[in-house]
Amino acid sequence: MARRIDVTGTGGVRLAAWEFGDPPKTDPAHDPHDPQHPHDAHDPHDPQRMPGARTVPNGSPGVLLLHGLMGRASHWASTARWLSGRYRAVALDQRGHGRSDKPPQGAFSRDAYVDDVEAALEQLGLDPVVLIGHAMGALTAWQFAAKRPDLVRGLIICDMRASALGAASQREWDQWFQSWPLPFATLADVRKWFGEDDPWVERPNPARGAFYAEVMAESPDGWRPVFEPEQMLRSRETWVYDAHWEELAQVRCPALVVRGLDGELGRAEAQEMVRVLPRGQYAEVADAGHLVHYDQPEAWRAAIEPFLDALSTN
């Protein structure tokens, strides 16, 4: 199951955090694929939505999971439940995503995302924490680890590049958003388009279809994303033009760089990131693309488990 805990980010933005534990034994009325109820997460009006809710004893080490651009906390549900046996595992809907606030004129800068992590850790009582981030969430994680080394005991970076991506990449993303055939009539249409018909898909990928179905919500005219594409572009433009090697070099805790063999982070760049990190380690997952933890969940867990075990013994 998952319990929602509201926290306040920088600038007063309301953020939804989800604390994961073991799923309920049976719940035939619940559809685990309904993005309005991410996996076994309770409705915001459920009485289990309470400040400071915990599924493991006080004092258990904390893990904060940060999704990538367009993602949401429920994308981490499988990983977080696996972690919850020995950690207090919390996933955050970052600003502009999931059920967190999407202020029209809100800040979507790197500083805002990083400061939100600091605010969440303080209010959740998770520090010193292990940060696990995917894509943009990984960048946020290592920038925070560089800024507040006293609050981070370990870092896992999943398929995020440290090099600048440039203006051409931002234009491609803008054009890609415009190509979405919105609204989708059904969730099956969502899964098919993102898993098969999207021009960015090289071969059928059901996991990718499921990933995007998770970020859709039903509206009067069909299924639309729970985020604003314009806000996603605003978030992205704050980091695509710059390289982020300097912040990597400032990360003092043990750090693991994980890439999917068919992902966006190439092997040479990943290994250079490991070299730049003062205490860097490397892992890769076969038969996985950018969505490593969705494409190969068991192999993903096997890749990060030795690193987490070593942290536990330190």
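In this text, all values refer to a predicted model and were calculated from it rather than measured experimentally.

Draft legend 1. Spotlight on the overall build of the chain. Helix and strand counts for the chain stand at eleven helices and ten strands. Within the chain, buried positions represent 55% of all 314 residues. Once local pairs closer than 6 in sequence are excluded, the contacts in the chain between residues at least 24 apart make up 73%. Accessible area for the chain stands at about 13100 Å²; split by element, carbon and sulfur atoms hold 49% of it.

Draft legend 2. Expanded view of the confidence of the model for the chain. Put simply, the chain has an average pLDDT of 89, and 88% of its residues get 70 or more. Contacts from residues 23-57, a stretch scored under 50 in pLDDT, to residues over four places away or in other chains number 75 contacts.

Draft legend 3. View of helix α4 (residues 167-179). Here α4 is 13 residues long and its end C-alpha atoms lie 19 Å apart, about the 18 Å a rise of 1.5 Å per residue gives. If you check which residues of α4 are buried, you get Ser169, Gln170, Trp173, Trp176 and Phe177. Down the axis of α4, the sector holding all buried residues measures 120°, keeping them to one side. Counted as exposed and oriented over 90 degrees from the buried face of α4: Arg171, Gln175 and Gln178. In this fold, the buried residues of α4 make contact with α5 (187-197), α6 (206-213) and α7 (229-236).

Draft legend 4. Highlighting the packing of aromatic side chains. For the coordinates displayed, the defined rule picks out 18 aromatic pairs. Each ring, one from Trp176 and one from Trp200, has its centre 4.5 Å from the other, and the planes form 10°; the classification is stacked. Note that Trp176 is positioned in helix α4 and Trp200 in the loop between α5 and α6, a separation of 24 residues in sequence. A relative accessible area of 2% places Trp176 in the buried class. Residue Trp200 is classed as partly exposed on the basis of its relative accessible area, which comes to 38%.

Draft legend 5. Fine view of the packing of α5 against α6. Look at α5 against α6: their axes get within 7 Å of each other, and the N-to-C directions meet at 130°. Taken together, the axes of α5 and α6 lie oblique to each other. Crossing geometry of α5 relative to α6 is assigned as right-handed. Of the residues in α6, those touching α5 at Leu187, Val190, Arg191, Phe194 and Gly195 are Arg208, Gly209, Tyr212 and Ala213.

Draft legend 6. Examining α5 more closely. Among all positions in α5, only Leu187, Val190, Trp193, Phe194 and Gly195 are buried. Check the buried side of α5 and you find it contacts α4, α6, β7 (216-219) and β8 (222-225). Where α5 begins, the capping side chain belongs to Thr186, and its oxygen is found 3.3 Å from the backbone nitrogen of Ala188.

Draft legend 7. Quick look at the sheet that holds strand β5 (residues 129-134). Read from one edge of the open sheet, eight strands run β1-β2-β4-β3-β5-β6-β9-β10, paired in mixed fashion. The open sheet terminates on both sides in strands that have one partner only, identified here as β1 (2-8) and β10 (280-285). With strand direction ignored, the average angle separating the axes of adjacent strands in the sheet is 20°. Seen against the sheet, helix α11 (residues 297-313) touches β5, β6 (152-158), β9 (255-260) and β10 and runs at an angle of roughly 165° to β6.

Draft legend 8. How the structure looks around the environment of Ala207. Note that Ala207 resides in helix α6. With sequence-adjacent residues up to four places away left out, Ala207 is seen in contact with Tyr294 and Asp295.

Draft legend 9. Representation of unusual backbone geometry in the model. A cis geometry characterises the amide bond from Asp127 onward to Pro128, with omega recorded as -5°. Mapped onto the elements of the fold, Pro128 is located in the loop between α2 (110-124) and β5. Of note, the amide linkage connecting Leu182 to Pro183 takes the cis form, showing an omega dihedral of -10°. Tracing the backbone shows Pro183 in the loop between α4 and α5. The residue Ala135 is not glycine, and still its phi comes out positive at about 55°. Within the secondary structure, Ala135 sits in the loop between β5 and α3 (136-147). Since its relative accessible area comes to 8%, Ala135 is described here as buried. Despite not being glycine, Asp287 shows a phi value in the positive range, around 55°. Owing to a relative accessible area of 61%, Asp287 belongs among the exposed residues under this scheme.

Draft legend 10. Broad picture of the pattern of salt bridges. This structure, assessed with the given rule, holds 19 salt bridges. A salt bridge links Arg4 to Asp6, with the nearest nitrogen and oxygen atoms 2.8 Å apart. The structure contains a network of salt bridges with shared partners spanning Asp115, Glu118, Lys147, Arg148 and Asp150.

Draft legend 11. Quick peek at the pairing of β9. With respect to burial, β9 is a largely interior element, six of its six residues being buried. Where burial is concerned, the two faces of β9 agree: the one with Ala255, Val257 and Arg259 and the one with Leu256, Val258 and Gly260 are both buried. When β6 meets β9, the two strands line up parallel, connected through four bridges. Paired with Ile156 across the two strands is Leu256, which belongs to β9. Bridge analysis of β9 against β10 gives six bridges, and the strand direction is parallel. Within the sheet, the bridge partner assigned to Arg259 lies in β10 and is Glu284.

Cut-off values and rules
- Residues numbered from 1 in each chain as written.
- Predicted model: local features only at pLDDT ≥ 70, side-chain atom pairs only at ≥ 80, totals over all residues.
- Heavy atoms only, no water.
- Helix = DSSP H or I, 4+ residues; strand = E, 2+ residues; numbered from the N terminus.
- Buried < 20%, exposed > 50% of the residue type's maximum accessible area, 1.4 Å probe, protein only.
- Contact = heavy atoms within 4.5 Å.
- Areas by Shrake-Rupley, 256 points an atom, 1.4 Å probe, with all protein chains shown as cover.
- pLDDT = per-residue confidence, 0-100.
- Expected span 1.5 Å × (residues − 1).
- Arc of directions from axis to C-beta.
- Phe/Tyr/Trp six-rings, centres within 6.5 Å; stacked < 30°, edge-to-face > 60°.
- Axes fitted to C-alpha atoms, helices over the stretch in contact; angles between N-to-C directions.
- Parallel < 35°, antiparallel > 145°, perpendicular 65-115°, else oblique.
- Left-handed = near helix turned anticlockwise from the far one by under 90°.
- Polar contact = N/O pair within 3.5 Å; in protein donor to acceptor, adjacent residues only side chain to side chain.
- Pairing = 2+ DSSP bridges.
- Salt bridge = Lys/Arg side-chain N within 4 Å of Asp/Glu carboxyl O.

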